[in-house]
Amino acid sequence: MNNEVEIHRNVPAQATGDSTPPGYDELLRDVKAEITSAAIRVHRVINTELIEHYWRIGRIILERQAKEKWGTKVVARLSVDLRTTFPGQRGYSPRSLRYMQHMASVWPEAIRQQAAAQLPWGHIMVLLDSLDDLPTRDFYAARAVQHGWSRNVLVHHIETKLHLREGIALNNFDATIPKGADLLKDLVKDPYQVEFTKLDPDHTEEDLETALVRHVICFLQELGVGFALVGRQYKLRVGSQDFRIDLLFYHTRLHRYVVIELKIGRAQPEHVGKLSFYTAVVDDMVRDPKHDEGTLGILIAAHRDEEVVQYSLRGTSQPLAVTTYQTLPAELRPLLPSPEDLTRVTREVLEKHEA
């Protein structure tokens, strides 16, 4: 009997749902959040140390090459000796060492102070391979850090020249949202690259809308981080009439609804007026004023006349932007492989692999 009592005393009590003390769920949530946050911070510190380590190696090689007048063959020999000395460590191939040299030459000042130091090594290799000037590299490095871009997303934005498209769309943000104007300007691009739709030159607005929804992942990537699709042909009931918005999005970081209207021709004053109407209705009937900021409207047209757009925007108090889109040029369309070509090539590759 005594043994049974001792055994019972040494068995830890099992918590049940009924015995959870008040406030415990909040405690668990906060501790889990801290553990997750700490893991992210540790990863960032380790990554920054690795990038700085690579930068220092690159700088040492550059300085010694300049002093000793060595050629490029010394890098290959150095790689062999390093891998012999440190057989269990990776990252010291001739190719990697040349990237380290390149990084040290591109960022001659301490790399730790640069946005690039917070990026993975693969992202930095993309910046070094794809771009030629430091301001442009720094632009993409800063955006990649700010938005947490993957390597593929970084490549996409470089290939579509985001640095030339961001913040140049015609808008009235300075007049309608003075405090947040700069942030919203960076949100809107001009033009939007929608080559992924593979639309014919004589496409309709419905064709464009359908293609964007069909390729919604690509379109969200082009719009930028934070956009979530709420609906297509989103129905609004105003008075006794029904209206439909082409595309309604919600920006999860800015906490704003974003109304997007599509036009395959030139942007006209009446298009801006209709967009302003939709934006005002969403503000009143869809937005939650306790949690959401004011609704933003974006008109994406094939063409625009700057002076006409400026006058059109001046007549509304809603925050609006007018931008353009680009599809694949007609002269390049014949160069695209047909579905039959892709099927044939895939079959040939599989047959060779099986053989």
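Residues numbered from 1 in each chain as written. Predicted model: local features only at pLDDT ≥ 70, side-chain atom pairs only at ≥ 80, totals over all residues. Heavy atoms only, no water.

A. Examining the overall build of the protein chain more closely. The helix and strand tally for the protein chain stands at 15 helices and 7 strands. Within the protein chain, buried positions represent 38% of all 355 residues. Put simply, of all contacts in the protein chain between residues at least 6 apart along the chain, 62% involve residues at least 24 apart. (Helix = DSSP H or I, 4+ residues; strand = E, 2+ residues; numbered from the N terminus. Buried < 20%, exposed > 50% of the residue type's maximum accessible area, 1.4 Å probe, protein only. Contact = heavy atoms within 4.5 Å.)

B. Summary view of the pairing of strand β4 (residues 241-251). As paired strands, strand β3 (residues 227-238) and β4 are joined by 10 bridges and run antiparallel to one another. Bridge assignment links R237 to a residue of β4, and that residue is D242. Hairpin connection between β3 and β4: a loop of 2 residues separates the two successive antiparallel strands, and G239 in this loop has a positive phi of roughly 60 degrees. Two strands pair when backbone bridges link them, and β4 and strand β5 (residues 256-266) are joined in this way by 5 bridges, in the antiparallel orientation. Among the inter-strand pairings, F249 is bridged to a residue of β5, identified as V258. Linkage of β4 to β5, two consecutive antiparallel strands, is achieved through a turn of 4 residues, within which H255 is found at a positive phi near 55 degrees. (Pairing = 2+ DSSP bridges.)

C. Representation of the side chain of S276 within the structure. With respect to the secondary-structure elements, S276 resides in helix α13 (residues 269-285). The residues touching S276, leaving out its near neighbours within four places in the chain, are T316, Q318 and L320.

D. Fine view of helix α11 (residues 205-214). Buried within α11 are the following residues: L208, E209, A211 and L212. Taken down its axis, α11 places every buried residue within 165 degrees of arc, on the same side. Residues E206 and R214 are exposed on α11 and point more than 90 degrees away from its buried face. Those residues of α11 hidden inside the fold are in contact with α12 (216-223), β3, β4, β5 and β7 (320-326). (Arc of directions from axis to C-beta.)

E. Inspection of unusual backbone geometry at higher detail. Even without a glycine there, the phi angle at K161 is positive, about 55 degrees. Within the secondary structure, K161 is located in the loop between α7 (151-159) and α8 (162-165). Judged by relative accessible area, which is 45%, K161 ranks as partly exposed. A positive phi is found at Q233, a non-glycine position, where the angle reads about 50 degrees. Among the secondary structure elements, Q233 is positioned in strand β3.

F. Geometry of empty space enclosed by the protein. Taken as a whole and judged by the stated rule, the model has 1 cavity of 30 Å³ or more. The volume enclosed by the largest cavity comes to roughly 30 Å³. Lining the largest cavity are Y192, V194, L208, L212, F219, L262, I300 and Y325. Across the lining of the largest cavity, the residue classes break down as 8 nonpolar, no polar and no charged. (1 Å grid on protein atoms, 1.4 Å probe; cavity = no way out; pocket = protein on both sides within 12 Å on 5 of 7 lines; lining within 4 Å. Points joined across faces, edges and corners; volume = space filled by probe spheres on them. Nonpolar A, V, L, I, M, F, W, Y, C, P; charged D, E, K, R; others polar.)

G. Layout of the confidence of the model for the protein chain. Counting all residues, the mean pLDDT for the protein chain is 82, and 87% of those residues have values of 70 or more. For the stretch residues 1-16, pLDDT sits under 50, and the model shows 0 contacts to residues farther than four places along the chain or on other chains. Low pLDDT, under 50, characterises residues 328-337; the stretch is placed with 11 contacts to residues that sit more than four places away or in other chains. (pLDDT = per-residue confidence, 0-100.)

H. How the structure looks around α7. Buried residues of α7: V153, L154, H156, H157 and I158, and no others. In this structure, the buried side of α7 is in contact with α5 (121-130), α6 (134-147), α8 and α12. Of the residues flanking the end of α7, it is K161, one or two places downstream, whose phi is positive at about 55 degrees.

I. Geometry of the packing of aromatic side chains. Scanning the model with the defined rule gives 7 aromatic pairs in all. Both rings, one in F227 and one in F249, keep their centres 6.0 Å apart while their planes meet at 85 degrees; by these two values the pair is edge-to-face. Of this pair, F227 sits in strand β3 while F249 sits in strand β4, and the two are 22 residues apart along the sequence. Across the pair, exposure class does not vary: F227 and F249 are buried alike. With 4.8 Å between their ring centres and 70 degrees between their planes, Y250 and Y257 make a pair best called edge-to-face. The exposure class assigned to Y257 is buried, which follows from its relative accessible area of 15%. Among the aromatic residues, those joined into a ring-pair cluster are Y54, Y99 and W121. (Phe/Tyr/Trp six-rings, centres within 6.5 Å; stacked < 30°, edge-to-face > 60°.)

J. Fine view of the packing of helix α3 (residues 73-85) against helix α4 (residues 94-106). Running from N to C, α3 and α4 cross one another at 115 degrees; their axes reach a closest spacing of 9 Å. Relative to α4, α3 is oriented so that their crossing is right-handed. In contact with V75, A76, L78, S79, L82 and R83 of α3, α4 contributes P94, L97, R98 and Q101. Of the residues belonging to the contact of α3 with α4, the class tally is 6 nonpolar, 2 polar and 2 charged. (Axes fitted to C-alpha atoms, helices over the stretch in contact; angles between N-to-C directions. Left-handed = near helix turned anticlockwise from the far one by under 90°.)

K. Structural view of the nonpolar core. The biggest cluster of nonpolar side chains holds 34 residues, and the ones touching the most others in it are M103, W107, W121, I124, L127 and Y140. The set of elements that each furnish at least two residues to this core consists of α2 (24-68), α4, α5, α6 and α7. In this structure, I177, L223, L296 and I298 belong to the second largest nonpolar core, which totals 29 residues. (Core = buried A, V, L, I, M, F, W, Y, C linked by side-chain atoms within 4.5 Å.)

L. Highlighting a negative patch on the surface. A cluster of acidic residues, D200, D202, E206 and D207, forms a negative patch on the protein surface. Taking the relative accessible area as the measure of exposure, D202 reaches 63% and is therefore exposed. (Patch = residues over 30% accessible without salt bridge, like charges linked within 9 Å, V, L, I, M, F, W, Y side chains within 5 Å. Areas by Shrake-Rupley, 256 points an atom, 1.4 Å probe, with all protein chains shown as cover. Salt bridge = Lys/Arg side-chain N within 4 Å of Asp/Glu carboxyl O. Lys, Arg positive; Asp, Glu negative; His and termini not counted. Charge placed at Lys NZ, Arg CZ, Asp CG, Glu CD.)

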